[in-house]
Every structure is written in structure tokens, then in C-alpha cells.
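Reading the structure
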Amino acid sequence: MTTAPQVTSDAIALVLPLESAAYGPAAEAVKAGFLAAARRAGIASRIRVIGHGDDGVLPALEAASNGGVALVVGPLTRDDLKTVIAMAPSHPRMIALNQTDDGSPLPENAYALTLSVDSDAVQLARVARADGARTVAVVVSSGPLQRRFAAAFGGEWQNNGQSPPSQYAFDPNPELLGQFRRELAARPPDAVLLAIDSDDTALAKSFLPPARVYAVSHIADDLAPPMLRDLEGVRYIEIPWLAEPERVTPAGPPRTPYESPLQERLYALGLDALALAQMFAEPVPPDRAELDGATGHLSLTSARTFARQGTVMVIHDGHAMPDPAGR
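This text gives an overview of the structure that appears in the document.

Criteria and cut-off values
- Residues numbered from 1 in each chain as written.
- Predicted model: local features only at pLDDT ≥ 70, side-chain atom pairs only at ≥ 80, totals over all residues.
- Heavy atoms only, no water.
- Helix = DSSP H or I, 4+ residues; strand = E, 2+ residues; numbered from the N terminus.
- Rg over C-alpha atoms; globule rule 2.2 N^0.38 Å.
- Buried < 20%, exposed > 50% of the residue type's maximum accessible area, 1.4 Å probe, protein only.
- Contact = heavy atoms within 4.5 Å.
- Areas by Shrake-Rupley, 256 points an atom, 1.4 Å probe, with all protein chains shown as cover.
- Lys, Arg positive; Asp, Glu negative; His and termini not counted.
- Charge placed at Lys NZ, Arg CZ, Asp CG, Glu CD.
- Phe/Tyr/Trp six-rings, centres within 6.5 Å; stacked < 30°, edge-to-face > 60°.
- Pairing = 2+ DSSP bridges.
- Axes fitted to C-alpha atoms, helices over the stretch in contact; angles between N-to-C directions.
- Polar contact = N/O pair within 3.5 Å; in protein donor to acceptor, adjacent residues only side chain to side chain.
- Salt bridge = Lys/Arg side-chain N within 4 Å of Asp/Glu carboxyl O.

Counting its regular elements, the chain contains 11 helices and 15 strands. A compact globule built from 327 residues should have a C-alpha radius of gyration of about 20 Å, and the chain, at 21 Å, falls within 12% of that. Referenced to the eigenvectors of the C-alpha coordinate spread, the extents of the chain come out at roughly 65 × 40 × 35 Å. Of all 327 residues assigned to the chain, the portion counted as buried reaches 52%. Taking the intrachain contacts of the chain between residues at least 6 apart in sequence as the baseline, contacts between residues at least 24 apart amount to 61%. A total accessible area of about 15000 Å² is found for the chain, and carbon and sulfur atoms account for 51% of it. Counting 27 positive and 38 negative side-chain charges, the chain places the averaged centre of each group 5 Å from the other.

In this structure the tally under the stated criterion is six aromatic pairs. Between Phe280 and Phe306, the aromatic rings sit 5.7 Å apart at their centres with planes inclined by 90 degrees, giving edge-to-face as the arrangement. Here Phe280 is found in helix H11 (residues 261–280), whereas its partner Phe306 is found in strand E13 (residues 306–309), with 26 residues between them in sequence. Exposure remark for Phe280: the relative accessible area of 0% places this residue in the buried category. Three or more aromatic residues joined by ring pairs make a cluster, and in this case those are Tyr111, Phe280 and Phe306.

Right, let's get into the sheet that holds strand E3 (residues 71–73). Read across the open sheet, the five strands follow the order E2-E1-E3-E4-E5; overall the sheet is parallel. Of all the strands in the sheet, the pair left with one neighbour each is strand E2 (47–51) and strand E5 (110–112). The mean angle between the axes of side-by-side strands here comes to 20 degrees, regardless of whether they run parallel or antiparallel. With three bridges joining them, strand E1 (residues 12–16) and E3 adopt parallel strand pairing. Note on E3: the bridge partner recorded for Ile12 is Leu71. The strands touched by helix H2 (residues 57–66) are E1, E2 and E3; relative to E2, the strand with the most contacts, the crossing angle is about 155 degrees. Across the face of the sheet, H11 comes into contact with E1, E2, E3, strand E4 (94–96) and E5 while running at roughly 165 degrees to E3.

Spatially, the three strands line up as an open sheet ordered E11-E12-E13, and their pairing is antiparallel. Two strands close off the open sheet at either side, each with one partner strand: strand E11 (290–293) and E13. The mean inter-strand angle of the sheet, taken between neighbouring strand axes irrespective of direction, is 20 degrees. Across the sheet, H11 touches E11, strand E12 (296–300) and E13, and the angle it forms with E11 is around 155 degrees.

Structurally, Glu238 is set in strand E10 (residues 235–238). We classify Glu238 as buried; its relative accessible area is 6%. Within the local environment of Glu238, its side chain forms a polar contact with the side chain of Arg265, the two groups lying 2.8 Å apart. For Glu238, the contacting residues outside a window of four places in its chain are Asp221, Ala243, Arg265, Gly310, Thr311 and Met313.

All right, on to the pattern of salt bridges then. Close approach of charged atoms allows side chains with opposite charge to pair. Taken as a whole, this structure holds 10 salt bridges when the rule is applied. Residue Arg46 pairs with Asp10 through a salt bridge whose shortest N-O separation is 3.4 Å. Taken together, the residues span a long stretch of sequence, with Arg46 in the loop between helix H1 (24–41) and E2 and Asp10 in the segment before E1 at a distance of 36 residues. Since its relative accessible area comes to 45%, Asp10 is described here as partly exposed. In this structure, Arg229 and Asp317 form a salt bridge, with 2.7 Å as the shortest nitrogen-oxygen distance. Of this pair, Arg229 sits in helix H8 (residues 225–229) while Asp317 sits in the loop between strand E14 (311–316) and strand E15 (319–322), and the two are 88 residues apart along the sequence. One continuous salt-bridge network, built from bridges that share partners, spans Arg126, Arg129 and Glu156.

Written out as C-alpha cells, the structure is:
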């Protein structure tokens, strides 16, 4: 067991790749949300922002450790988290803003808050079961995010003893799409999960038999109403900050307009990270934690990750809206 550095203050260090060309804009959005929430909570003076570049997470973490902070919030990227776990066994209590690639356990004094699509996939599997589906077909493209989404859905789907989903590789080749249509027509499922790129979702949907359709999160990002009409009835998961702004905003910090829905989600991640940081910067961290946050309902699991339940969305008449039957 490795001893954590000595805590000499109630400061909270926010460790982000602010100097990275690739991840700097994402880090800035998280920082903006975190500091907005800190100002609203009246604890801005306790926050120490430590920025770093692509290979600088270890010196940044060391600076936080040397400062005797009560808690580190970060790192933001999977690679930086992997580096910290492998090369910095002694570090302050930490809320990482990502998760390990392989689902390996976190260090003893670390927690994970993430916007990972894995949580959305697990929630959709439960929604599909609640909707009465007994057989599911999963259509997945070759991207790593889509494969991870499909795997998380399939894992949760089988948790209640259901047989594994039928799986189909998506290929836009017309001949292969025709074969795909014939195979599904021969064994029509109760529901279909589309774990494919947003640009291909409407095409894939046009080849499906009548069934409930669920899709990878964020499929509606930047799609105009005419394109959304092609996705009529598709369900997916969104964070409350974007799905129900009128419900979330009055109780929280002012909204910061961003051009990208992704940056909006990262800003919301910063809001929730601050709320949790207040709890976990205490001398004794809580064993249980629940938060109705901007990114969803968060609950601490035994693996010290925060399970996240978002808002079930449905596309209807060219618009994305909370599903009236959302569970």
C-alpha cells in the first residue's frame, strides 16, 4: 500500500492539459465549468489550476502533491490517466475525468467521473428491456468508440440472462446493405442498436425492419431538422444540461454558449466535477455519494467510479426531445 502525500491545505487542484494543441480546447471547457461552479459555491479561492502539455501530467501532479492539496481533479485524457496509474503510485486523492481503457481497477485513493459512452450504452440496454424487447440486433461500425459502445450494451443486455444480441458489421456498400436487410428480415428483432457514425445512421435505419431503434449517443449533434426527420423514433441518451436546460440552469451557474455540443458537455462535466470535489476534499471521503448533476444522475459504485444516468431522448418530427416514456 502506497502512502499518499501529506495534506496541508483544503485546496483543490484542477490538473488539465491546457497547453496541449489537441486537448486544450476540451480542457478549457472543463476549466470554465469548474471555475463557474466554484465561484457560485463561494470556494474559488481554494482552487489551484495546474495546466500541462501533452507529456506533462506527471510534473503537474507532482506540483499538486508538493502543494499539499486535499484533492486533485484530473487527469482528463485516458493516456494521462494510464501514465499516472503506472508511474505515480503516490499522489493526492484524485477524481479522474476519464477511465482506464481496459476497465482495470483504479488506485485506492482515486475515483473516476467520465462522459464515457459506456454509461449511455448500459442505460440504453436497461431501457430496451423496460420497453419489452427480448431480442436485439446490434449494428456496429469499425470505430473504437462505436465498438466500445456496442460491447457495453451487449454486456449489460446479458446481465439478466438474455441471450447475446445478434451482431452485424455495418458497411455502406449497397450490395452488403441489401444482404443486411435480408438477414434482418429473416430474423426480425424486437429492437436494434445502431453503434455507427452519425453520418451513416439514417442510411442504416432505412434498411431496418419495423422495430424500436436505439443509437449511440450524440447522433443528433449538428444535424438539421430535415436530416433528423430520417431518424424518426430513434432513442439515445443525452446529458440533462443539453436535454433539459430549463430544468438544470436555474439551479446552477450561468450557461456559457459554445459552438460545439461536445464543449457544452465538457463544461457540464466541469460543473459536476466541482460539486463532487467539495465532497471528496473532506478529510474523510464519503462511502456513498449521489448527485443530480448537469451530466446526469451520478452515484458512486463499489469500483469508485460514478455511474451516470442521463436523459432518454427521442427524435420526433425533426426534433430531438426528452422521451415522454423515458425511464
